Amino acid sequence: MRWVGASVLFASALLFASNKTVEPGRAENDAVNIEATAHTDPAEFPQLVGAEIGSYFTVVQVTVTPRKGKLKIDRDDFLLRTYRDGERSNPLAVSEIAGKADIIVHQEHVGPSEATGSTGPVWMAGPMMGGGAGAAHPNVMTATVAKDDSDGDSKTSKGKKTKESPLAIALKKSMLPDGETDHPVSGVLIFNLEKQKLKDLELDYNTPDGMLKVRFK
């Protein structure tokens, strides 16, 4: 019975720890009020972002409230720094987190191979290099690679659109939006800092009325 009681207490302690709330940091000036909560536990990231992003980041939930008329919000105005080692990071763009290469593969029979002497298919990424007689490869599997960007669907070299990844879509929905606003807006900022302690972190926000600094506990 004593062992059962101790187990219940231990489980309750774990549950309490997992549900522990993190107090947001706040700062304001005449132009804007900012409230921010930093998250360093990778287990919390999927709930914050709406998708799995890995463990190499610090995610900050931000609410920005204009105090006099319209305010232009630009994610590049934010900077997260750590006093542990002086490392700092601007918010990452969608393409830096969910960058992908969509590969469209097709088969071309283009002649004898000088490189391998093989008559089987050869896998290659990107356009064929070289050309002319004797420079081709037999049954070459060529691939057109299209890089993702943060502004829309990817495109192949032939201009065909490819679908965005679910991660890119989730990131665009969850990130703090850029643009002008006269009302409060909220979203996440994702920084390339990992394994940080909250007490070491500071979020800097460059506003029209000067720099705001938010510390965390």
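The coordinates are above.
Below, the structure is looked at part by part. The model shown is predicted, which means the values in this text are computed figures rather than measured ones. (Residues numbered from 1 in each chain as written. Predicted model: local features only at pLDDT ≥ 70, side-chain atom pairs only at ≥ 80, totals over all residues. Heavy atoms only, no water.)

**A word on the overall build of the protein**
Looking only at helices and strands, the protein has four helices and 15 strands in total. Per-residue burial for the protein yields a buried fraction of 39% across its 217 residues. Considering only contacts in the protein between residues 6 or more positions apart, those separated by 24 or more positions represent 65%. Just so you have it, the protein exposes about 13200 Å², and 54% of that area is on carbon and sulfur atoms. (Helix = DSSP H or I, 4+ residues; strand = E, 2+ residues; numbered from the N terminus. Buried < 20%, exposed > 50% of the residue type's maximum accessible area, 1.4 Å probe, protein only. Contact = heavy atoms within 4.5 Å. Areas by Shrake-Rupley, 256 points an atom, 1.4 Å probe, with all protein chains shown as cover.)

**What to know about the sheet that holds strand S1 (residues 25-28)**
Spatial ordering of the open sheet is given by S1-S2-S3-S13, a layout of four strands whose pairing is antiparallel. Strand pairing shows two members of the sheet lacking a second neighbour, S1 and strand S13 (185-191), which therefore form its edges. Each strand of the sheet is rotated relative to its neighbour by a mean of 20°, with strand direction disregarded. Pairing analysis gives eight bridges linking strand S2 (residues 32-39) to strand S3 (residues 58-66), with the strands arranged antiparallel. Pairing of threonine 37 across the sheet is with glutamine 61, part of S3. (Pairing = 2+ DSSP bridges. Axes fitted to C-alpha atoms, helices over the stretch in contact; angles between N-to-C directions.)

**Here's the deal with the pairing of S13**
Of all the seven residues making up S13, six are buried; the element is thus mostly covered by neighbouring parts of the structure. Note that S3 and S13 share seven bridges and pair antiparallel. In the sheet register, glutamine 61 faces S13, and the bridge partner there is valine 188.

**Some remarks on the packing of aromatic side chains**
Two measures describe an aromatic ring pair: the distance that separates the ring centres and the angle between the ring planes. Taken as a whole and judged by the stated rule, the model has one aromatic pair. Between phenylalanine 78 and tyrosine 205, the aromatic rings sit 4.2 Å apart at their centres with planes inclined by 5°, giving stacked as the arrangement. Taken together, the positions of phenylalanine 78 in strand S5 (residues 78-82) and tyrosine 205 in strand S14 (residues 201-207) put the pair 127 residues apart, joining distant regions of the chain. (Phe/Tyr/Trp six-rings, centres within 6.5 Å; stacked < 30°, edge-to-face > 60°.)

**Quick notes on the side chain of glutamate 164**
Looking at the secondary structure, you find glutamate 164 in the loop between strand S11 (161-162) and helix H4 (166-174). At 2.5 Å, the side chain of glutamate 164 and the side chain of lysine 172 are in polar contact. (Polar contact = N/O pair within 3.5 Å; in protein donor to acceptor, adjacent residues only side chain to side chain.)

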